[in-house]
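Fold and contact review
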Amino acid sequence: MNTPYQRLTECADITELRPRLHALCSSFGSLSRLDILPATQAGKRQALCFLRMDTAEQERRLMNELGVGRFGGDLVVVVDLKAGDANNSTFRPSSSRNPAPQERALSQ
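Residues numbered from 1 in each chain as written. Predicted model: local features only at pLDDT ≥ 70, side-chain atom pairs only at ≥ 80, totals over all residues. Heavy atoms only, no water.

Glancing now at the nonpolar core. In this structure, L17, A47, C49, L51, M53 and V79 are the most contacted members of the largest nonpolar core, which totals 21 residues. Those elements giving two or more residues to this core turn out to be α2 (14–26), β1 (31–41), β2 (44–53) and β4 (74–80). For this core, the leading source of residues is α2, giving five residues. If sequence neighbours within four positions are ignored, V79 has contacts with Y5, L8, T9, L17, R45, Q46, A47 and C49. (Core = buried A, V, L, I, M, F, W, Y, C linked by side-chain atoms within 4.5 Å. Buried < 20%, exposed > 50% of the residue type's maximum accessible area, 1.4 Å probe, protein only. Helix = DSSP H or I, 4+ residues; strand = E, 2+ residues; numbered from the N terminus. Contact = heavy atoms within 4.5 Å.)

If you want it as structure tokens, here you go:
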């Protein structure tokens, strides 16, 4: 069985990654902010995911259970995206702050 992180690496782009990351974080509480930035390192496409949960306790649990790190005030997850044709994938910065309830429902 795949770990939660391995399921994230099955994503080909940020558009596919965002709802999976929302779903993963929802098991720890409410996601209050998620910024996803594209990156390339050594020819590998990555997504740098900066997130905040509603409470410090939710963030602590997520860090302990998933091995997520912290950079400044944000939790950081670096995801190696599935290899594919970069010209055909959606690979743009993505940000959401306090998504509306409808957006949360759609993204889960």
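The subject of this paragraph is helix α3 (residues 56–66). Where α3 is concerned, the buried positions are Q58, E59 and L62. What you see down the axis of α3 is that its buried residues fit within an arc of 100°, all on one side. Set apart from the buried face of α3 by more than 90 degrees, the exposed residues are A56 and N64. Summarising the contacts, the buried residues of α3 are in contact with α2, β2, β3 (69–71) and β4. Immediately beyond the C-terminal end of α3, within one or two residues, lies G67, with a positive phi of roughly 70°. (Arc of directions from axis to C-beta.)

One non-glycine residue, A42, adopts positive backbone phi at about 55°. Here A42 is to be found in the loop between β1 and β2. Of the residues examined, A42 reaches a relative accessible area of 85% and is grouped as exposed.

Glancing now at the confidence of the model for the protein chain. This prediction gives the protein chain a mean pLDDT of 82; 76% of its residues lie at or above 70. The least confident element of the protein chain, judged by mean pLDDT, is helix α4 (residues 101–107) at 39; the most confident is β2 at 96. For residues 86–94, every residue scores under 50 in pLDDT, and the model assigns this stretch 25 contacts once sequence neighbours within four places are set aside. Counting contacts from residues 98–108, a segment whose pLDDT is below 50, to residues more than four positions away or on other chains yields 11 contacts. (pLDDT = per-residue confidence, 0-100.)

The subject of this paragraph is the state of the cysteines. In the structure shown here, the tally under the stated rule is zero disulfides. No disulfide involves C11; its nearest neighbouring cysteine sulfur is the one of C49, lying 9.2 Å away. In this structure C11 comes out as buried when scored by relative accessible area, which is 0%. In this structure C49 comes out as buried when scored by relative accessible area, which is 0%. (Disulfide = S-S within 2.5 Å.)

Right, let's talk about α2 for a bit. Along its 13 residues, α2 runs 18 Å from first to last C-alpha, staying within 8% of the 18 Å computed at 1.5 Å per residue. Along α2, the positions that sit buried rather than exposed are I14, L17, R18, L21, H22, L24 and C25. Take α2 and look down its axis: the buried residues cluster within an arc of 165°, on one side only. For α2, the capping residue at the N-terminal end is D13, with a side-chain oxygen 3.2 Å from the backbone nitrogen of T15. (Expected span 1.5 Å × (residues − 1). Polar contact = N/O pair within 3.5 Å; in protein donor to acceptor, adjacent residues only side chain to side chain.)

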